[in-house]
Amino acid sequence: MPGLHASLPTSWVVVRLSALGDAILTTGLLHLLHQERGWTFTVLTKPASSPVFAGHPAVEAVASPGLKDLGPAGWLRFAAGLAKSHAGHGLLDLHGTLRSRLLSLLWRGPVRRYPKFSLERRLLSLLGPGRAPGAAARLAEFNVPQRYSLAVFPQARPREELRPRLFLAPPVLAQARETLARAGLDPGRRPVALHPFATHPGKAWPAAHWRTLAGELDKAEIPWFVLGQSATPSPLPGPRDLTNRTDLRQAAALISLSRCLVTGDSGPMHLGTAVGTPVVALFGPTTVHWGFFPSGGRDVVLEPDLPCRPCSLHGGRGCGRPDPCMAAITPAAVLAAVLRIP
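Residues numbered from 1 in each chain as written. Predicted model: local features only at pLDDT ≥ 70, side-chain atom pairs only at ≥ 80, totals over all residues. Heavy atoms only, no water.

### Observations regarding the packing of aromatic side chains
In step 1: Taken as a whole, this structure holds six aromatic pairs when the rule is applied.
In step 2: Where W205 meets W210, the ring centres are 5.0 Å apart and the plane angle is 85°; that geometry is what we call edge-to-face.
In step 3: Sitting above the plane of the F153 ring, R157 keeps its charged end 4.7 Å from the centroid.
In step 4: If you follow R240 out to its NZ or CZ, it ends over the ring of W224, 3.9 Å from the centre. (Phe/Tyr/Trp six-rings, centres within 6.5 Å; stacked < 30°, edge-to-face > 60°. Lys NZ or Arg CZ within 6 Å of the ring centre and 35° of its normal.)

### Remarks on the sheet that holds strand β9 (residues 279-282)
In step 1: Spatial ordering of the open sheet is given by β7-β6-β8-β9-β10, a layout of five strands whose pairing is parallel. Both edges of this open sheet fall to β7 (224-226) and β10 (300-302), since each of them pairs with a single strand only. Put simply, the sheet's adjacent strands are angled 20° from each other on average, direction ignored.
In step 2: Here four bridges tie strand β8 (residues 260-264) to β9, and the two strands are oriented parallel to one another. Bridge assignment links V262 to a residue of β9, and that residue is V280. (Pairing = 2+ DSSP bridges. Helix = DSSP H or I, 4+ residues; strand = E, 2+ residues; numbered from the N terminus. Axes fitted to C-alpha atoms, helices over the stretch in contact; angles between N-to-C directions.)

### Looking at the sheet that holds strand β4 (residues 90-93)
In step 1: With parallel pairing, the five strands of this open sheet are ordered in space as β3-β2-β1-β4-β5. A single partner strand is all that each edge strand has here, and the edge strands are β3 (59-63) and β5 (111-113). Pairs of neighbouring strands in the sheet enclose a mean axial angle of 20°, with direction left out of account.
In step 2: As judged from the five bridges shared by strand β1 (residues 11-15) and strand β2 (residues 40-44), these two strands associate in the parallel manner. Residue pairing across strands places V13 opposite T42, the latter belonging to β2.
In step 3: Of the strands in this sheet, β1, β2, β3 and β4 touch helix α2 (residues 27-37), which is tilted by about 160° from β2. (Contact = heavy atoms within 4.5 Å.)

Below is the structure:
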C-alpha cells in the first residue's frame, strides 16, 4: 500500500556491523526494498563484511568504522558524524546492539529496528524446546531475513523473497574458473565445494568424517575442492585444498561454479544460498530456532535428533556428551544428500 510509506525517505543507512553471515542475510531485504520502493542504502558494516555488498544494485556506498571508532568515545564521535552527514536519511537498524541504539538516538530522520525476540531466545536457551514450546514455535516461525523484514513491513515477507543475493562480475567468475583449473579440476564438471571449518568448535564436523566423505566422493568420481579461511590445518591437504587462498568474493565465485557446498552452520553457508548453489548444511548445537537455516529451494539440512539441542546460540558452549552431536551426522548421510542434488 503506497500510502503507508510515501512519507518515508528513499535513502537509508542500514546497520549490520557483524558477523559475516548476518551481513549476507541482509542482502535479500535490501534488494526487495530497492525493487518495491526504490530505496537505496549506505551500509554500515565492518571491513571484513564490506565485499558482500559490492555490485549490489540497492547499495550506493559502504561505511566501515575503524578500530579507533569502536570504543565508547570513538563510537560517539563516529555516530555523531554519520548522523550529521546523513541528516534526513532513514536509519534501518538490523543489528540492535548498544552501538546501533546509540546511533539511533543521534539520528536526524526516521528509525526502523528489527525484533530480536530476545525473550524467546533466552527462554529457549534456558529451558529447551520441550519446556518452552511457545518460544520455540515463535522462533521457528521466522528466519533471520524475515525478522529483518519486520523492521519495515507489518508482516514478515515470505522466505523466498528474502533469500540473500550476491552479485558477481564476469572477471571474478573467470578468475574462479582459472583457480579450479590450476587445482586440476574441470570447471565444467561442477565440483563439490567443501568448507570444513567452524568458528566455534561445537559446530565442527569431525576431521575424520571429512576425510571419509572426500574418499567416497573420489570413489563416485565426483570432483571436489576445499575452501575457507582457517588458522588451523585443513583436514584435506593437497592440490585441491584452497584454504586461505581466496578472498570472500573469490570464494563466492568458486561456490557459484559448484554442484553444491557442504558446510556446517557458517558464513560461507549463506554465500552458497546467495549465489544460487545448493547447500548441504550440517547443524549440531544450533537449530532452526535461531533463524540461520539456509533458505534456497534445493538446500538440505542434516541434523541429529537429540533432545539437548539447541545447547547454545553459536556452538561455543562445551558439550559433556561422549558422542557430540556433529559426529552423529554420518559421511554416508552427507554423501546421499550430495547425490540427490541434480
